[in-house]
Amino acid sequence: MKPTENKKVLDFVEKSAELAQPDEIVWIDGSEAQTAELKAKAVKSGELIKLNEKLLPDCYLHRTKVNDVARVEDRTFICTKKREDAGPINYWMDPKQAYELTSEIARGSMKGKTMYVIPYSMGVVGSDFAKIGIEVTDSVYVVLNMNIMTRVGNACLKALGKDGDFIKGFHASCDIDAEKRYIMHFPEDDTIISVNSAYGGNVLLGKKCFALRIASYLGRTEGWMAEHMLILGVTFPDGEKKYVAAAFPSACGKTNLAMLIPPEHYLKKGYKVECVGDDIAWIRVGKDGRLWAVNPENGFFGVAPGTNEHSNYNALQSTKRGTIFTNVALNTDDMTVWWEGLTKELPQHVIDWTGKPWNPEKFDKKDKSTCAAHPNSRFTAPAKNCPCVSPDFDSLTGVPLSAIIFGGRRASTTPLVFESRDWNHGVFIGSAMSSETTAAAAGATGVLRHDPMAMKPFAGYHMGDYFAHWIEMGKKVKNPPKIFNVNWFRQDKDGNFMWPGFGDNMRVLEWILKRCDGKVGAEETAIGFVPRAEDIDLSEMDYEISAGHPFGIEDLKEILKVDKSLWADEAKEIEGYYKGTIKDRIPAELWDCLETLKNNCK
Ligand code: GTP
Ligand code: SPV
Ligand code: MN
């Protein structure tokens, strides 16, 4: 029985089946019974390994092929009719060619297999913010992950009604052939096609493909924004609540900041931090002239390595039930999972992420190839598991933003925190962001590259137009959030982090929120407003920077410094990026900010 009469849905499913030729079609209803059946099937086929039911109830481990462990940016395409609409930094393919190429690859690829049809909603089903997608896939792993990451089932079909439109997603695992892997986006047709991958961001089409690439395109035409941002709420001792959204590139700390536990003395005073989202924010202008944000997801697809009881207790707790782990190591002593950084002691009986016995004696922190878990190994955990999930998580209206924060991994130059002079200057700061690459995408790590607003891999259209959209949005909000930039990743000459990060980032958040209320001063510098060191609360700090020296105000001063000569170089670099890479469609407001920066650094 088909659970919908929506002809567009039925047509899409029929066409997909005609192409891929599955033996059967199964509609996913999101029910516990069906989910349990699929888990059992995946365990039987070896696609999932069941973990210790007592210690990790309803948790599973999945291993991908070794050639399929991260997003593949150079195989990710924006297929607009006009090349220039995809812009200078997206890979582009002519839509006709892209449809032909992927059809050729996917034809008959589901023979002998089941095609699952997943109706899902990004956002609370039926809310003003929500948008519906249908993903067809031949992977049970995808179905089970989508079940956690999105709101899945018949309610979505009901919300679509007889005639509603949706985002079409076609995924075929094919042979997981890296040479024939394509992640294609057709923003003009509301369509996504993914072939030859079975890894996270490439195949959970509701996430980066829909909620960022397609949604950013929609947002531009419809007057809202889809951003690579966490959303968190801070409750003050007097009960007041404020919300912040922050854009950091992949594997640069969104999940960690979103679930931050404040230092002890903040907790004692009554501060509380709650998580609304850890990766994606959809943002609209509210009737009150403020920006309001929702998290369209329903779970966390979080980086495992480095997550432990101290660094991110809330994330770790989130993974204790109903979680799918991808490419972490298996501890065969008790059928639990392990990854680098989970515990100080190395477990002795471990199968690494490729399925081979692991030798802890050969482990060398600096050599990724000796790791038991893949550096981009992940957990897919239901948001409701998170001890600090916000009561606003399912809010239909979203939450009002007091501040927007940009940030990246910068070993030098960028201070711990600074504030933009106004909205347009904030947009400039976002547009000028650079960050060191991480394991979240295939390719070299640690290479400094431009990643405007942490959206380089995710903007579904021309980056110059995207900047212009930000400027336009600023004109629509009477009470815009203040815009800040942070850098948790400054390093000393020996490569040690100069700021403790994690929970101690609360100290910076507090300064940011005080600035939003005009409750604290700042120093105006060449790049914007920087805190006076005395204004950041360092009490009860418990961090030793290199050589056993406890972190103090002098260390803070060091990472708040703005070195004009470095920033003069940075300005040249930004100019080179604007002129040489983005080339056109950059709004005049941003050129003005660049001129100001250059003049300020003379
Ligand atoms: P995506 O899911 O890829 O978008 O990543 P993310 O931005 O959510 O990053 P996440 O919070 O998972 O952090 C990635 C890595 O950065 C982990 O290894 C963390 O341990 C590390 N990290 C996060 N916050 C901090 C911090 O404040 N300081 C330092 N030094 N490292 C951090
Ligand atoms: C990221 O890379 O920013 C992620 C993981 O959040 S993925 O879903 O693979 O894109
Ligand atoms: Mn992300």
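Residues numbered from 1 in each chain as written. Chains lettered and ligands numbered in written order. Predicted model: local features only at pLDDT ≥ 70, side-chain atom pairs only at ≥ 80, totals over all residues. Heavy atoms only, no water.

**Student:** How would you summarise the site of ligand 1 if you had to cite specific residues and measurements?
**Tutor:** Taken together, 21 residues lie near ligand 1, and A251, K254, T255, N256 and R378 sit nearest. A distance of 2.7 Å separates an oxygen atom of ligand 1 from a polar atom in the side chain of R378. With respect to ligand 1, the side chain of R409 contributes an N or O atom lying 3.1 Å from an oxygen atom. For ligand 1, the accessible surface in isolation is 670 Å², of which the surrounding protein chains cover 90%. (Near = heavy atom within 4 Å. Polar contact = N/O pair within 3.5 Å; in protein donor to acceptor, adjacent residues only side chain to side chain. Areas by Shrake-Rupley, 256 points an atom, 1.4 Å probe, with all protein chains shown as cover.)

**Student:** Give me the sheet that holds strand β21 (residues 336-338): which residues, what numbers.
**Tutor:** Pairing is antiparallel in the open sheet, where 3 strands are placed in the order β21-β20-β22. Of all the strands in the sheet, just β21 and β22 (350-351) have a single pairing partner and so form its edges. Two elements, strand β20 (residues 329-331) and β21, share 3 bridges in a ladder whose sense is antiparallel. Within β21, the position partnered with A329 by the bridge is W338. (Pairing = 2+ DSSP bridges. Helix = DSSP H or I, 4+ residues; strand = E, 2+ residues; numbered from the N terminus.)

**Student:** Give a description of the coordination of the manganese ion (ligand 3) that names residues and reports values.
**Tutor:** Donor atoms from the polypeptide that coordinate the manganese ion (ligand 3) comprise K208 (NZ), H228 (NE2) and D279 (OD), at 2.1 to 2.4 Å from the metal. Around the manganese ion (ligand 3) sit 6 donor atoms; with metal-centred angles ranging over 66 to 175°, the donor geometry is irregular. Binding-site remark: the manganese ion (ligand 3) is held by donors from one chain whose sequence spacing is K-x19-H-x50-D. Highlighted residues: K208 in helix α8 (residues 206-222) and D279 in the loop between β15 (272-277) and β16 (281-285), separated in sequence by 71 residues. (Donors = N, O, S within 2.8 Å, 3.2 Å for Na, K, Ca; no water. Tetrahedral: all angles 85-135°; square planar, octahedral: opposite > 155°, others 65-115°.)

**Student:** Provide a residue-level description of the domain arrangement of the protein chain, including the pertinent values.
**Tutor:** Considered domain by domain, the protein chain is made up of domain 1 (7-48 + 69-223), domain 2 (227-299 + 391-600) and domain 3 (305-381). Averaged C-alpha coordinates put domain 1 and domain 3 at centres separated by 29 Å. Taken residue by residue, the interface counts 9 residues in domain 1 and 10 residues in domain 3. Carbon and sulfur atoms make up 65% of the surface buried where domain 1 meets domain 3, a total of about 790 Å² over both sides. The largest per-residue losses of area from domain 1 upon contact with domain 3 belong to V69, I148 and Y199, which jointly make up 61% of the total buried on that side. Where domain 1 meets domain 3, there are 0 salt bridges. The tally of links from domain 1 across to domain 3 stands at 5 residue pairs in polar contact (both at pLDDT 80 or more). (Domains from an automatic or database assignment. Contact = heavy atoms within 4.5 Å. Buried area = accessible area lost by both parts, 1.4 Å probe. Salt bridge = Lys/Arg side-chain N within 4 Å of Asp/Glu carboxyl O.)

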